[in-house]
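These are the residues of each chain, in order.
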Amino acid sequence: MYGNSHAAKASLLSFYPARASQLMQHLVTRNQSEHLIADWREQQMVKFIFSLTYNVDELLHGFNQKRIWKLAWAGRNLLELAIWVEYCNFSPANAKQFRDDSSRDLLGTGRSIQKQVELSVGKPNAERHKAMNELVKMVDDQFGVSDLGDDYTKVVEAATSLGRKNDFAHANKLLSKYAHPTAISLNSSLPSSAEFDAGFRDMFLSEGAEYATRAITLLKDEIVRIYPPEDV
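Residues numbered from 1 in each chain as written. Predicted model: local features only at pLDDT ≥ 70, side-chain atom pairs only at ≥ 80, totals over all residues. Heavy atoms only, no water.

### Some remarks on the side chain of Ser 5
Its location among the elements puts Ser 5 in helix α1 (residues 5-15). Beyond its immediate stretch of four places on either side in the chain, Ser 5 contacts Phe 63, Asp 202 and Leu 205. (Helix = DSSP H or I, 4+ residues; strand = E, 2+ residues; numbered from the N terminus. Contact = heavy atoms within 4.5 Å.)

In C-alpha cells, the structure reads:
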C-alpha cells in the first residue's frame, strides 16, 4: 500500500535541485541567443521549475520532520503543478490560457480585497476603487488581456482535458484531507500520531516524488525538443 521512502528520496534528489537548475539555465541561455520561445513562455517554464524545486524542498522537509500536513500540502502542490505543466505543454493555446489566467487571479484578489473593505466600513472606498482601476489597466497593458471576467481554467478542468480527471480527483481529495485543518489532520498533528501516520507519510512522499519527477521530465522533454543540448 505504501511507497518506498528511500526510492522516493533518491528519485527526487536525482532531479532536484541540481538538474532542475541546470535545465533552467539551459533554457534561459539558449533562448537569450536564439529566441525560439516567446518571453512569456520562457518565464512560465522558469517559474514552473522554481515552484517545483521549492515544493520538493518542502516535501522533503515535511517528511524528515514527520509533519504529515506539510507533506500533504507540498504533495498537493506538486500534483497540481504536474497537471499544469502537462496542460501547458499540450498546446500553445493552453499555455497562453494559463498565462492569461494569472491576470484574472490577480484581479480576483483585488476585487476580494475591495469587497472586504466595503463590508467592513459599510460603503465603497474611493481609494480602493481607484487602485482597482489602475490594476485593471496594468493587467491590460502587461498581459494584453481585455476580457477581465472571472472565468479562469480550474485545475480539475485541466486534468479532465488531459484524461486525468479520476486520478487527480482521488489524489487531491486524500491530500486535501491532511493539507486542510480537517478533523483527521488536526489529530495527526499531535506528536503521539507520528508513528501511526508513518505509512501515510511514506505514501505522500512517494506520490509527491512521482508528480515532481513527471513534471520536470515533461518540462525537459519540451525544452530539449526546441533546444537540443549536448548534455542536459
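### Topic: the nonpolar core
Soluble, globular proteins show a tendency: their nonpolar side chains are buried together. Counting 52 residues, the largest nonpolar core has Leu 12, Tyr 16, Phe 204, Ile 216 and Leu 219 as the members making the most contacts within it. Elements supplying a minimum of two residues to this core: α1, α2 (18-34), α3 (39-64), α4 (68-90), α7 (155-161), α8 (165-179) and α10 (198-226). What Leu 219 contacts, discounting residues up to four positions off in sequence, is Leu 23, Met 45, Phe 48, Ile 49, Leu 52, Val 85 and Asn 89. (Core = buried A, V, L, I, M, F, W, Y, C linked by side-chain atoms within 4.5 Å. Buried < 20%, exposed > 50% of the residue type's maximum accessible area, 1.4 Å probe, protein only.)

### Observations regarding the packing of aromatic side chains
All chains considered together, the criterion is met by six aromatic pairs. Aromatic side chains Trp 84 and Tyr 87 sit 5.6 Å apart centroid to centroid with 85 degrees between the ring planes, which places their arrangement in the edge-to-face category. With Trp 84 and Tyr 87 both in helix α4, this residue pair falls three residues apart, about one helical turn. A network of ring pairs unites the aromatic residues Phe 48, Trp 84, Tyr 87 and Phe 98 as a single cluster. (Phe/Tyr/Trp six-rings, centres within 6.5 Å; stacked < 30°, edge-to-face > 60°.)

### A short note on the packing of α8 against α10
Look at α8 against α10: their axes get within 12 Å of each other, and the N-to-C directions meet at 130 degrees. On the basis of the axis angle, α8 is oblique to α10. The handedness of the crossing between α8 and α10 comes out as left-handed. Facing Ala 171, Leu 174, Leu 175 and Tyr 178 of α8, the residues of α10 in contact are Phe 200, Met 203, Phe 204, Glu 207 and Tyr 211. For the contact of α8 with α10, the class distribution of residues is eight nonpolar, no polar and one charged. (Axes fitted to C-alpha atoms, helices over the stretch in contact; angles between N-to-C directions. Parallel < 35°, antiparallel > 145°, perpendicular 65-115°, else oblique. Left-handed = near helix turned anticlockwise from the far one by under 90°. Nonpolar A, V, L, I, M, F, W, Y, C, P; charged D, E, K, R; others polar.)

### Let's talk about the packing of α4 against α8
Running from N to C, α4 and α8 cross one another at 150 degrees; their axes reach a closest spacing of 8 Å. Taken together, the axes of α4 and α8 are roughly antiparallel relative to one another. Along this stretch, α4 crosses α8, giving a crossing that reads as left-handed. Contacts between α4 and α8 involve Ile 68, Trp 69, Ala 72, Trp 73, Gly 75, Arg 76, Leu 79, Glu 80 and Ile 83 on the former and, on the latter, Phe 168, Ala 171, Asn 172, Leu 175, Ser 176, Tyr 178 and Ala 179. Its residues assigned to classes, the contact of α4 with α8 comprises eleven nonpolar, three polar and two charged.

### Re the environment of Lys 70
Within the fold, Lys 70 resides in helix α4. A C-alpha to C-alpha distance of 9.9 Å links Lys 70 and Arg 201, two positions 131 residues apart in sequence. Apart from residues lying up to four places away in sequence, Lys 70 is in contact with Glu 58, His 61, Gly 62 and Gln 65.

### Overview of α1
Inspection of α1 places Ser 5, Ala 8, Leu 12 and Phe 15 among the buried residues, and these make up the whole buried set. Buried residues of α1 fall within an arc of 100 degrees about the axis and therefore sit on the same side. Those residues of α1 that are exposed and angled more than 90 degrees off the buried face are His 6 and Leu 13. Capping of α1 at its N-terminal end is provided by Asn 4; its side-chain oxygen lies 3.0 Å from the backbone amide nitrogen of His 6. (Arc of directions from axis to C-beta. Polar contact = N/O pair within 3.5 Å; in protein donor to acceptor, adjacent residues only side chain to side chain.)

### Topic: the environment of Leu 23
Within the element layout of this structure, Leu 23 appears in helix α2. In this structure Leu 23 comes out as buried when scored by relative accessible area, which is 2%.

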